[in-house]
Amino acid sequence: MFVTIIVSLLAASLILLLVLKLTGKGLNRKFHIVLIEDNPIDILVLKKTFSNINANCSFSEFADAEKALVHLQNLKAVDSEQLPDIIITDLDLPRMNGHELLVLLKKDETLKSIPVVMFTNSSSEMDVKRAYSLNVNSYIVKPLNLAIYKETIRSFWNFWSTSVRLPDHHAILKGAV
């Protein structure tokens, strides 16, 4: 019986790997992340940490949410396949904060399907509740300890790159959802 279970698990794993490879959503696929952060040091540390854990990803960086939103709207209009897999945003940003950005993203029929992760220094319960009430996908308080920071990014990457099935933005625009 134990051998049957192991064989079944191996077969299921092989089928899953084949499906992931055929859909282009597997581990070898390069993820694109829109990073909205106004602190250049935070950008540097975040990107260096992703690099150190060998995350297969690229970034589009924006110092404010308004510029990021314009970029996303332009991508949506021109080439939906270039929309990011994930948006990482700070909460405290110039001109438009992370909560205001969430409101606009979640109102848009195409952009609302892109996972948004709030990565911020704020541990305020009010900020956390507001972000989740606006449908943020996760809220992470930036760790102050570098070792914990690295482990947080590693956990973030492992979750979003291996455990989650992300939407195909091209199919969404074509109505094939």
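Note that the structure is predicted; figures quoted are calculated from it, not measured.

J.: Any chance you could explain the overall build of the protein here in plain terms?
T.: Scanning the protein from terminus to terminus reveals seven helices and five strands. Mapped in sequence order, the helices and strands of the protein form the string α-β-α-β-α-β-α-β-α-β-α-α. A burial count over the protein gives 44% of its 177 residues as buried. Residue pairs at least 24 apart in sequence account for 71% of intrachain contacts in the protein once pairs closer than 6 positions are excluded. Accessible area of the protein: about 10,200 Å², with a carbon and sulfur share of 59%.

J.: What's the story with the environment of Leu93 in this structure? I'm lost.
T.: Relative to the helices and strands, Leu93 is located in the loop between strand E3 (86-89) and helix H4 (98-107). Residues Leu93 and Asn39 lie 54 residues apart in sequence; the distance between their C-alpha atoms is 9.1 Å. The contact partners of Leu93, leaving out residues within four places of it in the chain, are Ile36, Glu37, Asp38, Ala63, Ala65 and Gly98.

J.: Whenever I open this one, the packing of aromatic side chains confuses me. Can you help?
T.: What characterises a pair of aromatic rings is the spacing of the ring centres plus the angle enclosed by the ring planes. Inspection of every chain in the model, using the stated rule, returns seven aromatic pairs. Ring plane angle 85° and centroid distance 5.1 Å describe the contact between Phe159 and Trp160, whose orientation is recorded as edge-to-face. Judged by relative accessible area, which is 42%, Phe159 ranks as partly exposed. Classification of Trp160 by relative accessible area gives buried; the value is 6%.

J.: Which parts of the structure should I look at to understand the sheet that holds E3?
T.: Strands belonging to one sheet form pairs held by backbone hydrogen bonds; the direction of such a pair is parallel or antiparallel. In spatial order, the strands read E2-E1-E3-E4-E5; together these five strands make up an open sheet with parallel pairing. With one partner strand each, in any of the chains shown, strand E2 (57-62) and strand E5 (138-141) form the two edges of the open sheet. Neighbour-to-neighbour, the strand axes of this sheet turn through a mean angle of 20°, independent of strand direction. Across three bridges, the pairing between E3 and strand E4 (residues 116-120) is parallel. Pairing of Thr89 across the sheet is with Met118, part of E4. Each of E4 and E5 touches helix H5 (residues 125-133); the most contacted strand, E5, lies at about 155° to it. Helix-sheet contacts for helix H6 (residues 146-163) involve strand E1 (31-36), E2, E3, E4 and E5, and the interaxial angle to E4 is about 180°.

Rules used in this analysis
Residues numbered from 1 in each chain as written. Predicted model: local features only at pLDDT ≥ 70, side-chain atom pairs only at ≥ 80, totals over all residues. Heavy atoms only, no water. Helix = DSSP H or I, 4+ residues; strand = E, 2+ residues; numbered from the N terminus. Buried < 20%, exposed > 50% of the residue type's maximum accessible area, 1.4 Å probe, protein only. Contact = heavy atoms within 4.5 Å. Areas by Shrake-Rupley, 256 points an atom, 1.4 Å probe, with all protein chains shown as cover. Phe/Tyr/Trp six-rings, centres within 6.5 Å; stacked < 30°, edge-to-face > 60°. Pairing = 2+ DSSP bridges. Axes fitted to C-alpha atoms, helices over the stretch in contact; angles between N-to-C directions.

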